[in-house]
Amino acid sequence: MADYLISDRTTTPQMPLKSPFGAASIASDVMAEIDQGGRTALVTGGYSGLGLVTTKALAAAGAHVVVPPRDLTRAQAALTGLPGAELLPLDLTDAAAVADFTTAFVPAVGRSTC
């Protein structure tokens, strides 16, 4: 078995990416010199953990970041004062809530549903 396989559970050989980034890279390293102005990003889980880091990095790069929180109170606490981030309620277990989210989100980014 090749020495670059990640684990015994990997079913296909994994090859290293030719990238200047590695395990010690942080979001600001990756986003440096990337302008996201004029773009909208939808980040699920964008108020905790890796999602929060992603939200902050995209917002810092100029993106308008929409975060659909499951826990609105926690999301508000995490994103208060972060320019470029917007909370738009979404409950994926409720079809009507998904429709409401779509009605609010799609026009906001200037896209059609077709």
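Residues numbered from 1 in each chain as written. Predicted model: local features only at pLDDT ≥ 70, side-chain atom pairs only at ≥ 80, totals over all residues. Heavy atoms only, no water.

1. A word on the overall build of the protein chain
Secondary structure summary: the protein chain contains 4 helices and 3 strands in total. Overall, the protein chain shows an N-to-C arrangement of helices and strands of α-β-α-β-α-β-α. Sequence-distant contacts in the protein chain: of pairs separated by 6 or more residues, those separated by 24 or more amount to 40%. (Helix = DSSP H or I, 4+ residues; strand = E, 2+ residues; numbered from the N terminus. Contact = heavy atoms within 4.5 Å.)

2. Here we look at helix H2 (residues 49-60)
In this model, H2 (12 residues) spans 17 Å end to end at C-alpha, consistent with the 16 Å of a helix rising 1.5 Å per residue. Turning to H2, its buried residues number three or more, namely Gly51, Leu52, Thr55, Ala57, Leu58 and Ala59. As for H2, its buried residues are in contact with helix H1 (27-31), strand S1 (40-42), strand S2 (64-67), helix H3 (72-79) and strand S3 (85-87). Glycine 62 occupies a position one or two residues after H2 and carries a positive phi of about 105°. (Expected span 1.5 Å × (residues − 1). Buried < 20%, exposed > 50% of the residue type's maximum accessible area, 1.4 Å probe, protein only.)

3. Describing the nonpolar core
Formed by 14 residues in total, the largest nonpolar core has its most connected members in Met31, Val43, Tyr47, Leu58, Val65, Val67 and Leu79. Elements with a minimum of two residues in this core: H2, S2 and H3. Contacts of leucine 58, omitting those with residues within four sequence positions, involve Met31, Gln36, Ala41, Val43, Ala63 and Val65. Counting residues in hydrophobic clusters, the runner-up holds 5 residues, among them Val66, Leu88, Phe101 and Phe105. (Core = buried A, V, L, I, M, F, W, Y, C linked by side-chain atoms within 4.5 Å.)

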